[in-house]
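Report on the structure
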Amino acid sequence: MELGVLSSRARVAEVNALVRGGVLLISVYFRTGVGLAGNADILDVIGRILLGCDRPWVLAGEWNFEPDILEASGWLRLVRGVVRAPMWGCVHVWRWPHA
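For clarity, every value in this text was computed on a predicted model and none was experimentally measured. Within each chain, residue numbers correspond to sequence positions counted from 1 in written order. Totals for whole chains, interfaces and linings use every residue, but because this is a predicted model, local features are given only for residues with pLDDT of at least 70 and side-chain atom pairs only at 80 or more, for both listing and counting. Excluded from the side-chain calculation are hydrogens and water; included are all heavy atoms of the structure.

**A closer look at the overall build of the protein chain**
From N to C terminus, the protein chain includes 3 helices and 5 strands. Sequence-ordered secondary structure for the protein chain, helices as α and strands as β, is β-β-α-β-α-α-β-β. Throughout this description, buried means an accessible area under 20% of the type-specific maximum (1.4 Å probe, protein chains only), exposed means over 50%, and partly exposed covers the range between. Counting only residues that meet the buried cut, the protein chain has 34% of its 99 residues in that class. Partitioning the intrachain contacts of the protein chain with sequence separation of at least 6 by distance along the chain shows that 58% fall at a separation of at least 24. The Shrake-Rupley method, run with a 1.4 Å probe sphere, supplies the accessible areas, and residue values consider only the shown protein chains as cover. If you sum the accessible surface of the protein chain, you get close to 6,000 Å²; carbon and sulfur atoms cover 57% of it. Helix numbers and strand numbers start at the N terminus; a helix is a DSSP run of H or I with at least 4 residues, a strand a run of E with at least 2. In what follows, a contact means two residues having at least one pair of non-hydrogen atoms within 4.5 Å.

Shown next as structure tokens:
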């Protein structure tokens, strides 16, 4: 899998804690001023990682676009994720057993 696009935009870590089998954590920083379309390459690579993941995962970071834009895109359905966001500030996307 081509991870080059993530080299300066995301970090991926397998953490053997929290639940049996561990958790995949991804921290991402999306490009500013280009919206979802300008970050499609990053979402594509992260999506392929998440679809191949056999454990719970958390994707958090600086999104640089609103959660409703991500929800409307269909990307969350593809990766079987949900947004957990406060009224303002940081947004986290995650999949947890029984979520």
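**A word on the pairing of strand 2 (residues 23-29)**
The side chains of a regular strand alternate, first on one face of the sheet and then on the other. Note: strand 1 (residues 10-15) against strand 2, 6 bridges, orientation antiparallel. If you follow A10 over to strand 2, its bridge partner there is V28. When DSSP finds at least two bridges between two strands, those strands are taken to pair. By the bridge criterion, 6 bridges tie strand 2 to strand 3 (residues 57-62) in an arrangement that is parallel. The partner of L24 across the bridge, within strand 3, is W57. Here, the term right-handed applies to a crossover whose path from the first strand over the helix to the second runs clockwise when the strands point away from the viewer. On the question of chirality, the crossover connecting strand 2 to the parallel strand 3 by way of helix 1 (residues 40-51) is right-handed.

**Comments concerning the packing of aromatic side chains**
Two rings belonging to Phe, Tyr or Trp (six-membered ring only in the last case) form a pair when the distance between their centres is within 6.5 Å. Interplanar angles under 30 degrees mark stacking, angles over 60 mark edge-to-face geometry, and anything in between is tilted. Going through the model one piece at a time under the given rule, you end up with 3 aromatic pairs. Seen in terms of ring centroids, W63 and F65 are 5.9 Å apart; in terms of plane orientation they differ by 80°. Their pairing is edge-to-face. Neither W63 nor F65 differs from the other in exposure class; each is buried.

**Some details on the environment of I42**
Residue placement: I42 occurs in helix 1. Residue classification places I42 among the buried positions, given a relative accessible area of 0%. On a C-alpha basis, the gap between I42 and Y29 in space is 9.5 Å, while along the polypeptide they are 13 residues apart.

**Things to note about the pattern of salt bridges**
Opposite charge on two side chains allows them to pair when their charged atoms are near. Basic side-chain nitrogens of Lys or Arg form a salt bridge, by our definition, when they fall within 4 Å of a carboxyl oxygen of Asp or Glu. Under the counting rule described, the total for this entry stands at 4 salt bridges. In this structure, the salt-bridge partner of D41 is R31, at a minimum N-O distance of 2.9 Å. Taken as a pair, D41 in helix 1 and R31 in the loop between strand 2 and helix 1 lie far apart in primary sequence, 10 residues in all. A residue is classified by how much of its surface remains accessible, and D41, at 35% relative accessible area, is partly exposed.

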